[in-house]
Every structure is written in structure tokens, then in C-alpha cells.
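Chain by chain, the residues run as shown.
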Amino acid sequence: MRSRKLMTTTLSVAIGIASLTAITASVSAAADTEAAADFTGYQIVKLPNANVPNFQRRVVRCPAGKKAVGGGAEAQGNQAVLVGSFPTDDGGGWIGLGRQTGYNDVGISVYAICANVG
């Protein structure tokens, strides 16, 4: 009986490894397909630090014809907290917002990594 349980466990592990290998191959193939996409005109666009009311969004836009492929934001000030950093709905820029405990405003800078995506 113990031998049968060991064989079942070994078989389950082997099936799990085979499944993981198939998933890894699938993800790798998808990455290769995306890598083949046009990715030219790389450019970082910055929105320098400015004080804005707590929770007010600051938006940096990519130049015409380009999309944000990444980005980020920074909250600056005593007890400043970055609340959000995410792409715009249309993918053409990046949004940053924050808050600062004990103050009505916070310093926020935002940047977008832009490129031609096609």
C-alpha cells in the first residue's frame, strides 16, 4: 500500500512539473511575440515636482504618436505618501497622486516611459 501511495505522489509531481513546463513555454512564446512588436522612439517624459492639493492627480502625456509603456511618480514632503501611480485610460500618459499628513498639499513629480508601439 505504501508503495502505491509513493507512486501516486511521484506521478502527481511529474504531472505538475509537466504542466509548469507547458505554462512556462506558453508565457515564453507570448513574450517572444511581444518582443517582436515595434518598440522604437523610446523617450522619458517628466513632469517636475509641484505642490498640489492632497489627492489631486498630476498627469504627464507622451508626445503625439507614442504610448506609455511604463512610468512612475514620487510624493515629496514631510510624511508624504504616494497614493497612486498608473497609466492613463488611453495609454497615452501616466498619472501620479499623493497626500501629506498634516498639510493640505503634497509635492508630486511624474514620469512616463514613452515609445512607438505598433
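Our structure's up above, just so we're on the same page.
Residues numbered from 1 in each chain as written. Predicted model: local features only at pLDDT ≥ 70, side-chain atom pairs only at ≥ 80, totals over all residues. Heavy atoms only, no water.

A. Quick peek at the environment of Val 110. Secondary-structure assignment places Val 110 in strand β6 (residues 105-117). By relative accessible area, Val 110 is classed as buried at 2%. Expressed as a C-alpha distance, the spacing of Val 110 and Lys 46, which sit 64 residues apart in the sequence, is 6.0 Å. Those residues in contact with Val 110 that lie beyond four places of it in its chain are Val 45, Lys 46, Leu 47, Arg 58, Val 60, Gly 72, Ala 73, Trp 94, Ile 95 and Gly 96. (Helix = DSSP H or I, 4+ residues; strand = E, 2+ residues; numbered from the N terminus. Buried < 20%, exposed > 50% of the residue type's maximum accessible area, 1.4 Å probe, protein only. Contact = heavy atoms within 4.5 Å.)

B. A look at a nonpolar patch on the surface. On the surface, a cluster of nonpolar side chains totalling about 590 Å² of accessible area is made up of Phe 39, Tyr 42, Ile 44, Val 69, Tyr 111 and Val 117. Within the residue set of the nonpolar patch, elements represented by two or more residues are β1 (39-53) and β6. With three residues, β1 is the single largest residue contributor to the nonpolar patch. Tracing the sequence through the fold places Tyr 42 in strand β1. Looking at Tyr 42, the relative accessible area reads 54%, which means it is exposed. (Patch = residues over 30% accessible without salt bridge, like charges linked within 9 Å, V, L, I, M, F, W, Y side chains within 5 Å. Areas by Shrake-Rupley, 256 points an atom, 1.4 Å probe, with all protein chains shown as cover. Salt bridge = Lys/Arg side-chain N within 4 Å of Asp/Glu carboxyl O.)

C. A look at the environment of Asp 90. Along the polypeptide, Asp 90 turns up in the loop between β4 (80-87) and β5 (93-100). Given a relative accessible area of 43%, Asp 90 falls into the partly exposed group. The sequence separation of Asp 90 and Ala 68 amounts to 22 residues, and the corresponding C-alpha distance is 9.3 Å. With near-sequence residues (within four places) excluded, Asp 90 lies in contact with Arg 61 and Lys 67.

D. Representation of the nonpolar core. With twelve residues, the main nonpolar core is built from Val 45, Val 52, Val 60, Cys 62, Ala 68, Ala 75, Trp 94, Val 106, Ile 108, Val 110, Ala 112 and Cys 114. Examining the composition of this core, we find that five residues originate from one element, β6, more than from any other. (Core = buried A, V, L, I, M, F, W, Y, C linked by side-chain atoms within 4.5 Å.)

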